[in-house]
Amino acid sequence: MIKKWKALSLRSIIVIVTLTIVIVSLTVSNLLAYSSFTREHDDLIEETSAEINKQIVMNYQNYLNNLVDTAHYLQLETVYLTRADDFDALSTLYTYAVDIDPNMVSITLFDLSGNPILSTIPASQIHPDVSSFAFFRNAVDNENIFHFAAPALQSYVSGSGEEVITVSRVFHYYNEGVREDAVLVMDLDTRVFRALAQDTNLGEKGHVLLVDHTNQLIFDPENICRIECKSLDAVSTLYLGGAAITVDDDNLYAQVNTLRYTRWKIVTFQDISGINQTRQSVLLTFGVIFGGSILVTSIAAILLSNRISKPLDSLKAHMETFKRGAFLPIEIKSGQKEVVLLSERFNHMASEIEQLMDRVYKEQRAKRKTHFQALQNQINPHFLYNTLDSILYLSEQNRNDDVQKMVVALSKFFRLSISNESGEVRLEEEVEHARNYLMIQQIRYHEVFTFTLNVDSALLNYQVLKLSLQPLVENAISHGIDPQSRENTIAIDVSRQEDMIHAKVTNSGYGLSEAQIDAIRRMIQSEEEVEHIGLKNIYQRLKLQFGDLADLRIESDHENTTTVTLIYPLKEGRKA
């Protein structure tokens with residue numbers, strides 16, 4: 001692959017590299033933009049559906065609150081008027097309550113045997129055995145709550161063909177001065193429930209269903225479920241909250257909420273087909289922009305490469321001649337300004353090229369040797385081998401998420417290790433380097449330790465010593481982790497103390513005695529060569545880079561924790 005790349009002409013490389021950069025940039029940016037749009041789109045659907053559901057629930061709840069308030073008022077008046085033995089006034093009150101509420105069909109007060117005491121319905125039309133009806137039994141069995149029966153024909157009233165929702169509850173009244181229990185029954189016209197459900201726009205295919213606590217259909221305001229109720233089946237497992245569903249190729253968003261007093265749930269189905277078409281339009285727009293950008297970039301890259309490569313081809317031919325020892329003057333009068341200038345300087349440069357090449361060769365050789373030694377100290381072959389071996393193991397175990405995390409962390413780790421040769425980096429980069437190393441080792445050691453990062457965000461742009469935290473973390477793992485325990489911890493804390501940055505690496509487990517700490521201090525401060533150069537290397541580089549203000553300190557709670565602190569003077573670097 002490398003040979004094929006080298007064999008390409010400059011013209012081809014310019015076109016390929018330009019297109020690759022543009023394609024990758026557009027792909028990443030489009031994916032990120034589309035992903036962000038999709039998240040916002042889904043959040044909008046969820047919020048809109050929740051608001052609509054909330055509005056419908058509020059509509060129902062307001063009506064039910066008024067109904068319950070009316071019932072409580074009737075209870076008080078029933079007790080008061082029956083105690084005064086004024087049943088005529090109470091009958092007038094019931095009739096008035098039905099008249100002022102257009103949705104109230106009837107109000108009846110039954111004794112516990114099912115006999116009507118007072119009613120807005122003629123007694124002759126009332127079923128003789130009301131106590132056998134479910135709404136009556138439910139009220140008697142649990143007298144502390146209102147009972148709402150599912151919509152049905154007013155079956156206990158002969159000759160009535162109205163569909164009603166029956167509300168019942170045990171009331172108290174006085175019979176010849178003796179307080180007794182009774183059952184108040186109020187029948188509501190189902191049209192009010194239909195009107196409340198249709199008061200909000202849910203889209204063309206949107207609808208509302210009322211179900212009981214077992215998700216059995218109670219009321220279908222728009223008769224969607226005349227034959228079968230596919231939309232309800234699709235959300236049968238949804239207790240509360242919302243979810244996107246598909247019913248007969250219709251995209252709906254279902255939202256479930258409870259209705260106070262009734263033990264019913266309201267399920268709203270919002271038609272989101274039109275909203276989803278917006279997502280497809282955005283995706284198509286992204287595709288058009290992507291294709292148009294590639295076309296324009298291709299044309300521009302070809303034109304640019306021709307303008308650069310043609311003069312360079314001529315320059316290349318003259319250099320080939322010079323390489324064979326037959327130098328001829330180069331004269332290029334057209335092309336990019338830089339290429340023309342290059343040809344003019346080439347004649348002057350040629351006479352000194354051998355001396356320059358020899359000097360550059362020696363300098364580069366020394367530089368590569370020094371750089372290689374520095375890299376060799378950081379890139380431990382055993383660490384790389386063990387990491388790759390861990391990746392292979394994770395892959396064989398189909399732990400693809402861990403493989404991805406480990407590869408990304410390893411890539412970032414080595415990118416900083418072999419980045420620019422400056423001795424300083426921003427604190428943010430150094431902490432990220434340590435984080436990547438910890439992630440690699442955490443997966444590699446099967447998560448026998450946890451780590452925390454507590455970094456003052458105000459310090460992220462200050463300069464610290466490059467590759468200084470990671471060796472401390474490596475020591476913490478090597479000397480402070482008990483492989484048999486899963487309670488090992490490593491903490492990195494970076495804070496500002498006066499005009500200094502304090503970066504601490506703390507590990508649980510084995511601590512150090514004062515004698516051991518003193519020996520380490522003497523070792524890192526001495527000029528003698530030692531076998532273990534990690535801390536000594538950091539200390540010496542710290543002093544060279546930042547002077548006497550910088551320091552490395554070691555503290556330990558014997559048998560518990562060890563903390564190594566790097567102290568840097570405040571030195572602000574470039575902004576992120």
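Placed above this text is the structure.
These lines cover the structure that appears in this document, whether it is placed above or below. Predicted model only: the values in this text are computed from it and were never measured.

## Some points on the pattern of salt bridges
Turning to step 1, where the next piece is worked out: Tallying each qualifying case throughout the model produces seven salt bridges.
Turning to step 2, where the next piece is worked out: A salt bridge links Lys-571 to Glu-424, with the nearest nitrogen and oxygen atoms 2.9 Å apart. Taken as a pair, Lys-571 in the segment after strand E18 (561–569) and Glu-424 in strand E12 (residues 424–426) lie far apart in primary sequence, 147 residues in all.
Turning to step 3, where the next piece is worked out: The class of Lys-571 is partly exposed, set by a relative accessible area of 38%.
Turning to step 4, where the next piece is worked out: Put simply, Arg-496 and Asp-499 hold a salt bridge, and the shortest N to O gap is 3.7 Å.
Turning to step 5, where the next piece is worked out: Its relative accessible area of 42% is what places Arg-496 among the partly exposed residues.
Turning to step 6, where the next piece is worked out: Overall, the relative accessible area of 54% leaves Asp-499 in the exposed class.

## Description of the pairing of strand E7 (residues 207–211)
Turning to step 1, where the next piece is worked out: With five of five residues buried, E7 lies mostly within the body of the structure.
Turning to step 2, where the next piece is worked out: Alternating positions in E7 separate into two faces, His-207, Leu-209 and Val-211 on one and Val-208 and Leu-210 on the other, with burial throughout.
Turning to step 3, where the next piece is worked out: Where E7 meets strand E11 (residues 264–271), five bridges bridge the pair, whose relative direction is antiparallel. The partner of Val-208 across the bridge, within E11, is Thr-268.
Turning to step 4, where the next piece is worked out: In this sheet, strand E8 (residues 217–219) lies alongside E7 in antiparallel orientation, the contact comprising two bridges.

## What to know about a nonpolar patch on the surface
Turning to step 1, where the next piece is worked out: Nonpolar side chains collect at one region of the surface, where Val-24, Val-28 and Leu-32 lie side by side and expose about 270 Å² of accessible area between them.
Turning to step 2, where the next piece is worked out: Inspection of the secondary structure assignment puts Val-28 in helix H2 (residues 10–83).
Turning to step 3, where the next piece is worked out: Classification of Val-28 as partly exposed rests on a relative accessible area of 41%.

## As for helix H3 (residues 87–100)
Turning to step 1, where the next piece is worked out: Taking 1.5 Å as the rise per residue, H3 with 14 residues should run 20 Å; its terminal C-alpha atoms sit 20 Å apart, in good agreement.
Turning to step 2, where the next piece is worked out: Here H3 has its buried residues at Leu-90, Leu-93, Tyr-94, Ala-97 and Val-98. In an axial view of H3, the angular spread of the buried residues amounts to 135 degrees, which keeps them on one side of the axis. Residues of H3 that are exposed and angled more than 90 degrees away from the buried face: Asp-88, Thr-92, Tyr-96, Asp-99 and Ile-100.

Criteria and cut-off values
Residues numbered from 1 in each chain as written. Predicted model: local features only at pLDDT ≥ 70, side-chain atom pairs only at ≥ 80, totals over all residues. Heavy atoms only, no water. Salt bridge = Lys/Arg side-chain N within 4 Å of Asp/Glu carboxyl O. Helix = DSSP H or I, 4+ residues; strand = E, 2+ residues; numbered from the N terminus. Buried < 20%, exposed > 50% of the residue type's maximum accessible area, 1.4 Å probe, protein only. Pairing = 2+ DSSP bridges. Patch = residues over 30% accessible without salt bridge, like charges linked within 9 Å, V, L, I, M, F, W, Y side chains within 5 Å. Areas by Shrake-Rupley, 256 points an atom, 1.4 Å probe, with all protein chains shown as cover. Expected span 1.5 Å × (residues − 1). Arc of directions from axis to C-beta.

So far we have only geometry, and geometry alone does not tell us how the molecule works.
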